Amino acid sequence: MTQDIVILYIDDEPINILLFELNFKRKFNVLTATSGSGGLEKMASNPEIKVVISDMKMPEMNGIEFIKLAKQQYPLVAYYILTGFDMTEEIESALKSQLIKRYFNKPFNMNEICNAIESIV
């Protein structure tokens, strides 16, 4: 059952967190954080997290910087970037090096994200 899948969504904008929770809470167990450091704290206290989806542009550290840190401690988690911007060299490099599984565009496509998560878990 997909409700057993625990995903962490990180975004510095409260409206984006609310939209993500409203769209995915029936399908997955959704945890959220508003920063990279908050995401690391959530991961430390929730070892059942299987998937992390992070916004790219955040003040303290961007999504790729966060994922680099998180993946050192939690290498078995599947990481994704969700961004309102076009593909950047940094995202392209993260894809090629398999730091992230893929990236999604905002506004997000719920089916695209669900299919990606269900295919890896």
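Here's what I pulled together on the structure shown here.

Calculation rules
- Residues numbered from 1 in each chain as written.
- Predicted model: local features only at pLDDT ≥ 70, side-chain atom pairs only at ≥ 80, totals over all residues.
- Heavy atoms only, no water.
- Helix = DSSP H or I, 4+ residues; strand = E, 2+ residues; numbered from the N terminus.
- Rg over C-alpha atoms; globule rule 2.2 N^0.38 Å.
- Buried < 20%, exposed > 50% of the residue type's maximum accessible area, 1.4 Å probe, protein only.
- Contact = heavy atoms within 4.5 Å.
- Areas by Shrake-Rupley, 256 points an atom, 1.4 Å probe, with all protein chains shown as cover.
- Lys, Arg positive; Asp, Glu negative; His and termini not counted.
- Charge placed at Lys NZ, Arg CZ, Asp CG, Glu CD.
- Salt bridge = Lys/Arg side-chain N within 4 Å of Asp/Glu carboxyl O.
- Arc of directions from axis to C-beta.
- Polar contact = N/O pair within 3.5 Å; in protein donor to acceptor, adjacent residues only side chain to side chain.
- Core = buried A, V, L, I, M, F, W, Y, C linked by side-chain atoms within 4.5 Å.

## Brief notes about the overall build of the chain
Item 1. When helices and strands are counted, the chain shows five helices and five strands.
Item 2. By the compact-globule yardstick of 14 Å for 121 residues, the chain fits well, its C-alpha radius of gyration being 13 Å.
Item 3. A principal-axis box enclosing the C-alpha atoms of the chain has dimensions of 35 × 30 × 30 Å.
Item 4. Within the chain, the proportion of its 121 residues that are buried is 45%.
Item 5. For the chain, contacts bridging at least 24 residues in sequence account for 59% of all contacts bridging at least 6.
Item 6. When the accessible area of the chain is evaluated, it comes to approximately 6,500 Å², of which 51% is carbon and sulfur surface.
Item 7. One finds the centroid of the 12 positive side-chain charges in the chain at a distance of 6 Å from the centroid of its 16 negative side-chain charges.

## A closer look at the pattern of salt bridges
Item 1. According to the stated counting rule, one finds five salt bridges in the structure shown.
Item 2. In this structure, Lys106 engages Asp55 in a salt bridge whose closest nitrogen and oxygen atoms are separated by 3.1 Å. In this pair, Lys106 is assigned in the loop between strand E5 (102-105) and helix H5 (110-120) and Asp55 in strand E3 (residues 49-55), connecting sequence segments 51 residues apart.
Item 3. Its salt-bridge partner being Glu92, residue Lys96 comes within 3.3 Å of it at the nearest N-O pair. Taken together, the positions of Lys96 and Glu92, both in helix H4 (residues 89-96) and four residues apart, correspond to about one turn of that helix.
Item 4. A relative accessible area of 35% means that Glu92 is categorised as partly exposed.

## Here we look at H5
Item 1. Turning to H5, its buried residues number three or more, namely Ile113, Cys114, Ala116 and Ile117. Down the axis of H5, the sector holding all buried residues measures 165 degrees, keeping them to one side. Those residues of H5 that are exposed and aimed more than 90 degrees away from the buried face are Asn111, Asn115 and Ser119.
Item 2. Among the structural elements, strand E1 (6-10), helix H1 (14-24), E3, strand E4 (78-83) and E5 are those in contact with the buried residues of H5.
Item 3. At the N-terminal end of H5, a side-chain oxygen is found 3.0 Å from the backbone nitrogen of Asn111, two or three residues along, and the residue is Asn109.

## Quick notes on the nonpolar core
In summary, soluble globular proteins display a tendency toward joint burial of nonpolar side chains.
Item 1. With 23 residues, the main nonpolar core has Leu8, Met43, Val52, Phe66, Tyr79 and Ile100 as its most contacted residues.
Item 2. Put simply, the parts of the chain that give this core at least two residues each are E1, strand E2 (29-33), helix H2 (36-45), E3, helix H3 (63-73), E4 and H4.
Item 3. Among the elements that line this core, the one with the most residues is H3, at four residues.
Item 4. Excluding residues within four positions of it along the chain, Val52 makes contact with Leu8, Ile10, Met43, Phe66, Val77, Ala78, Tyr79 and Tyr80.
Item 5. Counting residues in each nonpolar core, the second largest holds 18 residues, with Ile5, Tyr9, Ala78 and Cys114 among its members.

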